[in-house]
Amino acid sequence: MTGEQIIFIVVALFTLGSGFMVVTSRNLVHAALWLVSALFGVAVTYTLLNAAFLAVVQVVVYIGAIAILFIFAVMLTRKDMRDQGPQMNANWWFGALLSVLVFAGLFFLLQGWSGLSTTASALPEGFNNIAIAELGDALLNAYVLPFEVASVLLVAALVGAVYVAFNRK
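As a starting point, this report considers the structure included with it.

Definitions and limits used
- Residues numbered from 1 in each chain as written.
- Predicted model: local features only at pLDDT ≥ 70, side-chain atom pairs only at ≥ 80, totals over all residues.
- Heavy atoms only, no water.
- Helix = DSSP H or I, 4+ residues; strand = E, 2+ residues; numbered from the N terminus.
- Contact = heavy atoms within 4.5 Å.
- Areas by Shrake-Rupley, 256 points an atom, 1.4 Å probe, with all protein chains shown as cover.
- Patch = residues over 30% accessible without salt bridge, like charges linked within 9 Å, V, L, I, M, F, W, Y side chains within 5 Å.
- Salt bridge = Lys/Arg side-chain N within 4 Å of Asp/Glu carboxyl O.
- Expected span 1.5 Å × (residues − 1).
- Buried < 20%, exposed > 50% of the residue type's maximum accessible area, 1.4 Å probe, protein only.
- Core = buried A, V, L, I, M, F, W, Y, C linked by side-chain atoms within 4.5 Å.
- Phe/Tyr/Trp six-rings, centres within 6.5 Å; stacked < 30°, edge-to-face > 60°.
- Axes fitted to C-alpha atoms, helices over the stretch in contact; angles between N-to-C directions.
- Parallel < 35°, antiparallel > 145°, perpendicular 65-115°, else oblique.
- Left-handed = near helix turned anticlockwise from the far one by under 90°.
- Polar contact = N/O pair within 3.5 Å; in protein donor to acceptor, adjacent residues only side chain to side chain.

**Comments concerning the overall build of the protein chain**
- Of the regular secondary structure elements, the protein chain holds six helices and zero strands.
- When the helices and strands of the protein chain are placed in sequence order, the string is α-α-α-α-α-α.
- Taking contacts inside the protein chain between residues at least 6 apart in sequence as the whole, the part at least 24 apart equals 61%.
- Carbon and sulfur atoms form 73% of the exposed surface of the protein chain, whose accessible area is close to 13,300 Å².

What follows is the structure in structure tokens.
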């Protein structure tokens, strides 16, 4: 086993553990922080796959914008961080059984697939630089307006959360 494979297994276990903690955490802020760590594990996986642009987008967009905005919104709008009601759905066992059955079905379906044992061919030299340059050119020239509209909407959502959380004395 190579060092890269060992790093991949450690990162995969970290990401799966973080994802498990997201869905089992009782505190919403803690769940959001576990979500940030799971998204960071995905960014490291992108880095291991030599997809540097996707790793940077994962960190900047998902961790830096959406997850942090979610944490701010939760912290600003919730007065009591501890819920008084039941924390588990009464039919949690059905969801757990369904997920185990789906996993078993996918495992048996993919067990005979030859794509699991083959490796992809290497990309041509300089492929990543050309693709990233073309993507950057398209984002700056063709899609500036949608990105600006999305940023204005995110700022408006944060301002709305502050307004809702503001206590008049």
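**Brief notes about a nonpolar patch on the surface**
- A cluster of nonpolar side chains, Trp 92, Trp 93, Phe 94, Leu 97, Leu 98, Leu 101, Val 102, Leu 106, Leu 109, Leu 110, Trp 113 and Leu 116, forms an exposed patch at the surface whose accessible area comes to about 1,300 Å².
- By secondary structure assignment, the location of Trp 113 is in the loop between helix H4 (92-111) and helix H5 (127-141).

**A short note on helix H2 (residues 28-48)**
- With 21 residues, H2 should reach 30 Å at 1.5 Å per residue; the first-to-last C-alpha distance of 30 Å fits that figure.
- The set of residues buried in H2 consists of Val 29, Ala 31, Ala 32, Val 36, Ser 37, Ala 38, Leu 39, Gly 41, Ala 43 and Thr 45.
- Following H2 by one or two positions, Asn 50 adopts a phi angle in the positive range, close to 60°.

**Quick look at the nonpolar core**
- Within the largest apolar cluster, six residues are counted, these being Ala 32, Val 36, Leu 39, Ile 63, Ala 67 and Ile 71.
- Those elements that provide at least two residues to this core are H2 and helix H3 (52-77).
- Apart from residues no more than four positions distant in its own chain, Val 36 is found in contact with Ile 63, Ala 67 and Ile 71.

**Notes on the packing of aromatic side chains**
- This structure, assessed with the given rule, holds two aromatic pairs.
- Pairing Trp 93 with Phe 94 gives two aromatic rings, centres 6.1 Å apart and planes at 85°, and the pair type is edge-to-face.
- Measuring from ring centre to ring centre gives 5.5 Å for Phe 107 and Phe 108, while their planes differ by 70°; the resulting arrangement is edge-to-face.

**Comments concerning the environment of Ile 7**
- Residue placement: Ile 7 occurs in helix H1 (residues 3-24).
- A C-alpha to C-alpha distance of 8.6 Å links Ile 7 and Leu 48, two positions 41 residues apart in sequence.

**Focus: unusual backbone geometry**
- With a phi close to 60°, Asn 50 is a non-glycine residue in the positive phi region.
- Take Asn 50: it is sitting in the loop between H2 and H3.

**Comments concerning the packing of H1 against H2**
- Direction vectors running N to C along H1 and H2 enclose 155°, while the axes themselves pass 8 Å from each other. Between H1 and H2, the angle is such that the two are roughly antiparallel. H1 and H2 meet at a crossing whose hand is left-handed. On the side of H1, the interface is formed by Glu 4, Ile 7, Phe 8, Val 11, Phe 14, Thr 15, Ser 18, Gly 19, Met 21 and Val 22, while H2 contributes Ala 31, Trp 34, Leu 35, Ser 37, Ala 38, Gly 41, Val 42, Val 44, Thr 45 and Leu 48.

**Some thoughts on the environment of Val 11**
- Looking at the element boundaries, Val 11 is found in helix H1.
- Judged by its relative accessible area of 12%, Val 11 is buried.

**Some words on the side chain of Ser 37**
- Among the secondary structure elements, Ser 37 is positioned in helix H2.
- The exposure class assigned to Ser 37 is buried, which follows from its relative accessible area of 16%.
- Within the local environment of Ser 37, its side chain forms a polar contact with the side chain of Ser 18, the two groups lying 3.0 Å apart.

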